[in-house]
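Single-letter residue listing:
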Amino acid sequence: MALPDRPAERHREISRVFTDRVRGARSWDVSSPVTGWTARDVVRHLTQWFPAFLAAGSGRQLPGGPSVDDDPVGAWQAQCQAVQALLDDPATADLVLSNPHLGEVPLDRAIDQFYTADVFMHTWDLARATGQDDRLDSDFCAELLAGMEPIEQVMRSSGQFGARVPVRDDADAQTRLLGFIGRDPDWTPR
């Protein structure tokens, strides 16, 4: 099933799957496929970088939630609900995010392109770390990969992505995306 194209609807669906994985986690201190990160750190990453990015580029402040250390489920749910409320607000259509590297981008599109896509990719990390269903929407995997491949050098130089992990030439879209972003698609918890 293809994901919706509208930013609010796509966020709703992607964050629903991530929320299911958050709620299904039984241990937060297990290793994740991101070197040096635990399952808790996957949630920490999403709840830390985005509020600062949003505030700096749009002046919008998300309401705070519980600490990821104390309540990773509550921390994620608070942010997820706040982002969805922002995307569902009709006034958001008139807002822009300004960034020295990106210029001015409609706010809903910036959230979709940077944050929702990040939630989507980190869904695999959390699911794999916690032994849950780690399948991602294959069409969106292919779409993200097609959008990132032309800017690979810029992405790698940002330090946000690891070295590409080689995968078979005939690998499916999810496996190719995972390898591209520096994940070993065969990673298992230790």
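For the structure, check the block above.
About the cut-offs
Residues numbered from 1 in each chain as written. Predicted model: local features only at pLDDT ≥ 70, side-chain atom pairs only at ≥ 80, totals over all residues. Heavy atoms only, no water. Buried < 20%, exposed > 50% of the residue type's maximum accessible area, 1.4 Å probe, protein only. Helix = DSSP H or I, 4+ residues; strand = E, 2+ residues; numbered from the N terminus. Pairing = 2+ DSSP bridges. Core = buried A, V, L, I, M, F, W, Y, C linked by side-chain atoms within 4.5 Å. Contact = heavy atoms within 4.5 Å. Phe/Tyr/Trp six-rings, centres within 6.5 Å; stacked < 30°, edge-to-face > 60°. Expected span 1.5 Å × (residues − 1). Axes fitted to C-alpha atoms, helices over the stretch in contact; angles between N-to-C directions. Parallel < 35°, antiparallel > 145°, perpendicular 65-115°, else oblique. Left-handed = near helix turned anticlockwise from the far one by under 90°. Nonpolar A, V, L, I, M, F, W, Y, C, P; charged D, E, K, R; others polar. Polar contact = N/O pair within 3.5 Å; in protein donor to acceptor, adjacent residues only side chain to side chain. Disulfide = S-S within 2.5 Å.

Q: Sorry, what's going on with the pairing of strand β1 (residues 96-99) here?
A: Working note: regular strand, side chains alternate between the two faces of the sheet. Only one face of β1 is covered, namely the face carrying Leu97 and Asn99; the face carrying Val96 and Ser98 is uncovered. Pairing of β1 with strand β2 (residues 103-106) involves four bridges; the strand directions are antiparallel. When the sheet's bridge partners are listed, Asn99 is paired in β2 with Gly103.

Q: Explanation requested: the nonpolar core in the structure shown.
A: In a soluble, globular protein the nonpolar side chains are often hidden away together inside. Judged by nonpolar contacts, the single largest core of 50 residues is most densely connected at Phe18, Trp76, Phe120 and Leu177. Among the elements that take part in this core, helix α4 (residues 107-129) stands out by supplying eleven residues, more than any other. If we ignore the near neighbours within four places in the chain, the residues touching Phe18 are Val42, Val43, Leu46, Trp76, Val119, His122, Thr123 and Leu126.

Q: What is the right way to look at the packing of aromatic side chains in this model?
A: Note on aromatic pairs: each is described by the distance of the centres and the angle between the planes. Applying the stated criterion across every chain, the model contains eight aromatic pairs. When the centroid spacing of 6.4 Å and the interplanar angle of 40° are considered together, the rings of Phe50 and Phe53 count as tilted. Remark: Phe53 and Phe50 occur in helix α2 (residues 39-58); sequence separation between them is three residues, near one turn of the helix. One aromatic cluster is present, formed by Trp49, Phe50, Phe53, Phe114 and Tyr115 through successive ring pairs.

Q: What exactly am I supposed to notice about helix α3 (residues 72-88) here?
A: Between the first and last C-alpha of α3 there are 24 Å, a value that for 17 residues agrees with the 24 Å anticipated at 1.5 Å per step. Summarising burial for α3: twelve of the 17 residues are buried, a large majority. Burial in α3 covers these residues: Pro72, Gly74, Ala75, Trp76, Gln77, Gln79, Cys80, Ala82, Val83, Gln84, Leu86 and Leu87. The elements touched by buried residues of α3 are α1 (7-24), α2 and α4.

Q: When you look at the environment of Pro66 in this model, what are you seeing that I'm missing?
A: Considering the arrangement of structural elements, one finds Pro66 in the loop between α2 and α3. Separated by twelve residues in the primary sequence, Pro66 and Ala78 place their C-alpha atoms 7.8 Å from one another. Those residues within four positions of Pro66 in sequence are excluded, and the remaining contacts are Asp71, Gly74, Ala75 and Ala78.

Q: Can you help me understand the packing of α1 against α4 in this one?
A: Two measures define how a pair of helices packs: the angle their axes make with one another and the distance between the axes. Interaxial distance between α1 and α4 falls to 9 Å at its minimum, and their mutual angle equals 25°. Taken together, the axes of α1 and α4 lie roughly parallel to each other. Judged by the sense of rotation from one axis to the other, the crossing of α1 with α4 is left-handed. Contact with α1, carried on its side by Pro7, Arg10, His11, Ile14, Val17, Phe18, Arg21 and Val22, involves Asp108, Arg109, Asp112, Tyr115, Thr116, Val119, Phe120, His122, Thr123, Leu126 and Ala127 of α4 and no other residues of that element. Of the residues assigned to the contact of α1 with α4, the class counts are ten nonpolar, four polar and five charged.

Q: Can you help me understand the side chain of Asp137 in this one?
A: The residue Asp137 is located in the loop between α4 and α5 (138-148) in this model. For Asp137, the side chain forms a polar contact with the main-chain nitrogen of Asp139, separated by 3.2 Å.

Q: Please clarify how the state of the cysteines should be interpreted in this entry.
A: Two cysteines form a disulfide when their sulfur atoms are joined by a covalent bond. For the structure shown, the criterion picks out zero disulfides. Its sulfur unpaired, Cys80 is 19 Å from the next cysteine sulfur, which belongs to Cys141. Judged by relative accessible area, which is 10%, Cys80 ranks as buried. In this structure Cys141 comes out as buried when scored by relative accessible area, which is 0%.

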